[in-house]
Amino acid sequence: MSDGGSNVAKSFSVTSQTLTNAGQDFRVVFPENIAYYHPSDARNKIWVTALHNNTSVTVSSANSEHQLNASQTTSFNVIQELGRLMINETNASDPFKVFSISDKTVHITSNKDIIVQAISSRGRSTQSALVIPTTKLSSKYFIPPVPEIEGTTSGGAPVANVTERAPFRLIIVNPNEPKASVTIKGGEEVSIDIESGRAAQIWVKNDNKTQYVEANKGVAVFFSHPCAIQHQCSCGLLHAMVPPAKNNTMRFPIPPVLDQPVSILRSDKETRERITFSSSSAVVESAGTAIVYWPSLLLTLVPVEEFGSCFVVQFIEGKENFIIIVVHKSHQQGIHIGKDPLEEGKWQELKGTEYFSTNHSISSTTVVWHNATNMAVYQIYKHNDTWIGNPAPVVSANPDEPRCIQVSPGEFNDSRLTGRGEDMREMSAGPGIEPATATSRTKGLQIWVALSTTPPQQLLVNVMAASLVEEPDQ
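Residues numbered from 1 in each chain as written. Predicted model: local features only at pLDDT ≥ 70, side-chain atom pairs only at ≥ 80, totals over all residues. Heavy atoms only, no water.

1. Comments concerning the nonpolar core
Moving on, step 1. If you look at the biggest cluster of nonpolar residues, it comprises 42 residues, and the most contacted ones within it are Leu170, Val182, Val213, Phe223 and Leu298.
Moving on, step 2. If sequence neighbours within four positions are ignored, Leu170 has contacts with Ile143, Ile184, Ala200, Gln201, Ile202, Val204, Val213, Val221, Phe222 and Phe223.
Moving on, step 3. Counting 27 residues, the second largest nonpolar core, distinct from the first, contains Met250, Ile254, Leu297 and Val304. (Core = buried A, V, L, I, M, F, W, Y, C linked by side-chain atoms within 4.5 Å. Buried < 20%, exposed > 50% of the residue type's maximum accessible area, 1.4 Å probe, protein only. Contact = heavy atoms within 4.5 Å.)

2. Considering the sheet that holds strand β27 (residues 355-361)
Moving on, step 1. Strand order in the open sheet formed by 5 strands is β26-β27-β23-β29-β30, and the pairing between neighbours is antiparallel. Each end of this open sheet is capped by a strand with a single partner; those strands are β26 (348-349) and β30 (386-391). (Pairing = 2+ DSSP bridges. Helix = DSSP H or I, 4+ residues; strand = E, 2+ residues; numbered from the N terminus.)

3. What to know about the pattern of salt bridges
Moving on, step 1. Considering all chains together, one arrives at 10 salt bridges under this definition.
Moving on, step 2. A salt bridge links Lys339 to Asp340; its shortest N-O distance comes to 3.4 Å.
Moving on, step 3. Taking the relative accessible area as the measure of exposure, Asp340 reaches 40% and is therefore partly exposed. (Salt bridge = Lys/Arg side-chain N within 4 Å of Asp/Glu carboxyl O.)

4. A closer look at the sheet that holds strand β17 (residues 263-267)
Moving on, step 1. The sheet built from 4 strands is open, its strands ordered β18-β17-β20-β21 with antiparallel pairing. The strands lining the two open edges of the sheet, one partner per strand, are β18 (272-276) and β21 (297-300). With strand direction ignored, the average angle separating the axes of adjacent strands in the sheet is 25 degrees.
Moving on, step 2. Sheet topology note: the strand β20 (residues 289-294)/β21 ladder contains 4 bridges and is antiparallel. Bridging from a neighbouring strand, Tyr293 pairs with Leu298 of β21. (Axes fitted to C-alpha atoms, helices over the stretch in contact; angles between N-to-C directions.)

5. Here's the deal with empty space enclosed by the protein
Moving on, step 1. Going through the model one piece at a time under the given rule, you end up with 3 cavities of 30 Å³ or more.
Moving on, step 2. Of the volumes computed, that of the largest cavity is approximately 110 Å³.
Moving on, step 3. If you trace the largest cavity, you find 15 residues lining it, with Val28, Val29, Ala118, Ala129 and His239 closest to the centre.
Moving on, step 4. Secondary structure elements with two or more residues in the lining of the largest cavity: β1 (23-29), β7 (105-122) and β8 (125-130).
Moving on, step 5. With 4 residues, β8 is the single largest residue contributor to the lining of the largest cavity.
Moving on, step 6. Per-class residue counts for the lining of the largest cavity are 10 nonpolar, 4 polar and 1 charged.
Moving on, step 7. Empty space within the second largest cavity amounts to approximately 80 Å³.
Moving on, step 8. Those elements that place two or more of their residues in the lining of the second largest cavity are β8, β15 (235-241), β21 and β30.
Moving on, step 9. Counted by class, the lining of the second largest cavity contains 6 nonpolar, 5 polar and no charged residues. (1 Å grid on protein atoms, 1.4 Å probe; cavity = no way out; pocket = protein on both sides within 12 Å on 5 of 7 lines; lining within 4 Å. Points joined across faces, edges and corners; volume = space filled by probe spheres on them. Nonpolar A, V, L, I, M, F, W, Y, C, P; charged D, E, K, R; others polar.)

See below:
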């Protein structure tokens, strides 16, 4: 049998930059969380991680630039969110054809590549999201089917003015100029023009008809419900990035996220359906969307063809933090958490595939990387009975030329996104940096590690390809 993991890894040599989540222009949107009239303010946060020295980051609504060096992560607190989906009485004859427009988006730009992540929080309702650079957005997305949720989507028709009984919604964001012409197709078409920097919301019908979003330029699409029923009659935000339509059918290995029965929301040009996960076949094929649903969790799955070799994993205080790693069975060795090899753990075979998965707890923001192949990494957070998570941001999709950073937690000074300041996580190189050669499996990579005289919280790890010189200040 051929080494499928190696073959997949080598196929990324040309397109690896496209498959990473690094970029210099981002548009972030925070959905309505629980309800627009909720008495508690939204506590939303944006994390920005620099991959290069002398990185200048500008965030709309802030009145200054923020300077970062490689491995530094700054977090910004944001109050604004999209709010309710407004339906005017004059055009409410069919509310599933009505868009609601908002200008409450956040624009992030930089002079060098960065990674951006976001978290939406209000009370105990929390969701995390990976933010895709505007240059890597697509013009076509298949709309996932609506999950079956007792008290929200099942047991009767949707009720627009009852938050937990309202329909799921699509959020479509036009990140920049020019204006985006967007059409929802697959049934009776609904079209709209979205100005730069604005987001459009529209309700999603709960049926099995294939539907898709098509635009004349790159847009971002999210699938969301402000307060879906979760446990014991409580409700909370469900939110997930919708992946772009694929040119070909791809295989999505399904990790045992919760060791619980889950549903897979699959949609492409052939089908739009809910699939009950079966441990006898831990894979789903699609040329569009594949999302895991569990109460409180919508987890966008990663196809084998879009695996990466290096990931940034963000730590969230006050929650149980862990990662799920999916890798080819021939490459369970060679995985690192920061500078340390992955400890021996329990691996689970994903039936019907050549892949295995494992879970690993983390206690700080870090990187996960493989020295020989590509893999999938999901960051998962648990608090009481609530689970949230998303695919970890990809820094590199070419294991032959990886570039990784490790970010250690620093001191925080929370501030609203008004330009008065920001949170900072960073690592200082400390005195006495010298190169240390990794094992032969790293194929000539050099790992820069601080000497033991440097405190643990100041460790800096830069994994570079065949280089003994740190990136010069530019």
